[in-house]
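A closer look at the structure
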Amino acid sequence: MLADFSGKEVTVSFQTVSSDRDFEDHYVDLSQVIHMEIEEEDN
């Protein structure tokens, strides 16, 4: 889906975390990394 939208190959990695603290230590706010407007859709 990302590759279709951007027209470029996009590598995505999903990993599970063992605890809430581990999640907070590794969470990345994509809106701070991707410098474009991000629209959220309600499904």
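This text gives an overview of the structure that appears in the document. Counting restarts for each chain: residues are numbered from 1 in the order of the written sequence. Local features in a predicted model are, by the rule used here, given only for residues with pLDDT of at least 70; side-chain atom pairs are given and counted only at 80 or more, and totals for whole chains, interfaces and linings are based on all residues. For the side-chain quantities, the full set of heavy atoms in the structure was used; hydrogens and water were omitted.

**Brief notes about the overall build of the protein chain**
In plain terms, the rule: Per the convention used, a helix needs a DSSP run of H or I reaching at least four residues, while a strand needs a run of E reaching at least two, with both numbered from the N terminus. Summary of the burial criterion: residues with accessible area below 20% of their type's maximum are buried, those above 50% are exposed, and those between are partly exposed, where the area comes from a 1.4 Å probe applied to protein chains only.
Within the protein chain one finds 3 helices and 0 strands. Counting from the amino terminus, helix and strand elements in the protein chain follow one another as α-α-α. Projected onto the principal axes, the alpha-carbon positions of the protein chain cover approximately 35 × 25 × 20 Å. The buried share among the 43 residues of the protein chain stands at 0%.

**Examining a nonpolar patch on the surface**
Our working definition: Residues enter patches when they are more than 30% accessible in relative terms and free of salt bridges; like-charged ones are connected within 9 Å and nonpolar ones (Val, Leu, Ile, Met, Phe, Trp, Tyr) within 5 Å. Shrake-Rupley sampling with a 1.4 Å probe provides the accessible areas, and residues are treated as covered by the protein chains on show and by no other component. Whenever Lys or Arg places a side-chain nitrogen within 4 Å of a carboxyl oxygen from Asp or Glu, that contact is recorded as a salt bridge.
Judged by side-chain polarity, Phe-5, Val-28, Leu-30, Val-33, Ile-34 and Met-36 come together as a nonpolar surface patch covering roughly 590 Å² of accessible area. Relative to the assigned elements, Phe-5 resides in helix α1 (residues 2–6). According to the relative accessible area criterion, Phe-5 is exposed, its value standing at 65%.

**Some points on the environment of Ile-34**
Inspection of the secondary structure assignment puts Ile-34 in the segment after α3 (30–33). Residue class for Ile-34 comes out partly exposed when judged on its relative accessible area of 34%.

**Concerning a negative patch on the surface**
Let me state the cut-off plainly: As used throughout, the charge tally considers Lys and Arg to be positive and Asp and Glu to be negative, leaving His and the chain termini uncounted. Charged side chains are reduced to one point each, which is NZ for Lys, CZ for Arg, CG for Asp and CD for Glu.
Together, Glu-37, Glu-39, Glu-40, Glu-41 and Asp-42 give the surface a local cluster of negative charge. Along the chain, Glu-37 turns up in the segment after α3. Overall, Glu-37 belongs to the exposed group, its relative accessible area being 67%.

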